[in-house]
Amino acid sequence: MDPAPRRSRDRRGRGMRGPGVMPRQLGTPALRTERERFDAVVLGAVSAVEARWHSRLGLVEYAVEDTPMVPDDWDDAEVPLATLVRGSGGQPSRLVLFRRPLERRSDTREELRALVLTVVVEQVAALLGMDPEDVDPRQG
């Protein structure tokens, strides 16, 4: 004879509850959002490259946007993964990575980390006028 069926804690479809998913500090989410996780990946890649090339890079602003703004007459099959705007005068250079296209091209978190690092290295190499393999030997 089978034992009585266990009652589910999710019997009303409200999802997980309890200290495992509750925030540690009231008013803040317990789990990081996709954007926050992506920002952490970008920060790791930028920190690795910036630590090595800071003296040659000068002032560079790094940013993340969800998607690129492409004109209506865009005829290229590829969507840009990043954009680099060179600084002039007192304006810093600006490197913008696009979250959604990068996430769509990677299946796992490790692939995303590798792709973000590759894009950051390529953009920094373009800014410095160097080969990506010289900026980060792992790219070769």
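Attention here is on the structure that accompanies the text. Computed from a prediction, not measured in an experiment: that's the story for all the values here.

About the cut-offs
Residues numbered from 1 in each chain as written. Predicted model: local features only at pLDDT ≥ 70, side-chain atom pairs only at ≥ 80, totals over all residues. Heavy atoms only, no water. Helix = DSSP H or I, 4+ residues; strand = E, 2+ residues; numbered from the N terminus. Contact = heavy atoms within 4.5 Å. Areas by Shrake-Rupley, 256 points an atom, 1.4 Å probe, with all protein chains shown as cover. Expected span 1.5 Å × (residues − 1). Buried < 20%, exposed > 50% of the residue type's maximum accessible area, 1.4 Å probe, protein only. Pairing = 2+ DSSP bridges. Axes fitted to C-alpha atoms, helices over the stretch in contact; angles between N-to-C directions. Salt bridge = Lys/Arg side-chain N within 4 Å of Asp/Glu carboxyl O.

Across its full length, the chain carries four helices and three strands. Beginning at the N terminus, the succession of helices and strands in the chain can be written as α-β-β-β-α-α-α. A fraction of 58% describes how many contacts in the chain between residues 6 or more apart in sequence connect residues 24 or more apart. For the chain, the exposed area adds up to about 10,400 Å²; of that, 50% sits on carbon and sulfur atoms.

Compared with the 34 Å implied by 1.5 Å per residue over 24 residues, the 29 Å span of helix H1 (residues 34–57) between its first and last C-alpha is markedly short. Within H1, the full set of buried residues consists of Phe38, Val41, Val42, Ala45, Val46, Val49, Glu50, Trp53 and Leu57. Packing partners of the buried residues in H1 comprise strand S1 (60–65), strand S3 (93–98), helix H2 (99–104), helix H3 (109–128) and helix H4 (132–135). Just beyond H1, the residue with positive phi is glycine 58, at close to 75°.

Another aspect to go through is H3. With 20 residues, H3 ought to run about 28 Å at 1.5 Å a step, and its terminal C-alpha atoms sit 28 Å apart, in line with that. Every buried residue belonging to H3 is among Leu112, Leu115, Val116, Leu117, Val119, Val120, Val121, Gln123, Val124, Ala125, Leu127 and Leu128, and all of these are buried. Looking at the buried positions of H3, the neighbouring elements they touch are H1, S1, strand S2 (82–85), S3, H2 and H4. Following H3 by one or two positions, glycine 129 adopts a phi angle in the positive range, close to 70°.

Judged by how many residues are buried, S3 sits mostly within the fold: five of six residues are covered. As defined by bridge partners, S2 adjoins S3 across four bridges and the pair is classed as antiparallel. Within S3, the residue paired with valine 85 across the bridge is arginine 94.

Pairing within the open sheet is mixed, and its three strands lie in the order S1-S3-S2. Two strands lie at the open edges of the sheet, namely S1 and S2, each paired on one side alone. Averaged over all adjacent pairs, the angle separating strand axes in this sheet is 15°, with direction ignored. Two strands pair when backbone bridges link them, and S1 and S3 are joined in this way by six bridges, in the parallel orientation. Bridged to tyrosine 62 within S3 is leucine 95. Against the sheet, H1 contacts S1 and S3, and its axis sits at roughly 165° relative to S1.

Right, let's get into the pattern of salt bridges. Under the counting rule described, the total for this entry stands at eight salt bridges. The partner of arginine 113 in a salt bridge is glutamate 110, with the nearest N and O atoms 2.6 Å apart. Pair noted here: arginine 113 and glutamate 110 are both in helix H3, with a separation of three residues, about one helical turn. Here the salt bridges do not stand alone but share partners, grouping Arg35, Asp66, Arg99 and Glu103 into one network.

Among the residues examined, arginine 113 registers a relative accessible area of 39% and is labelled partly exposed. Spatially, the C-alpha atoms of arginine 113 and glutamate 103 are 9.8 Å apart, while their sequence positions differ by 10 residues.

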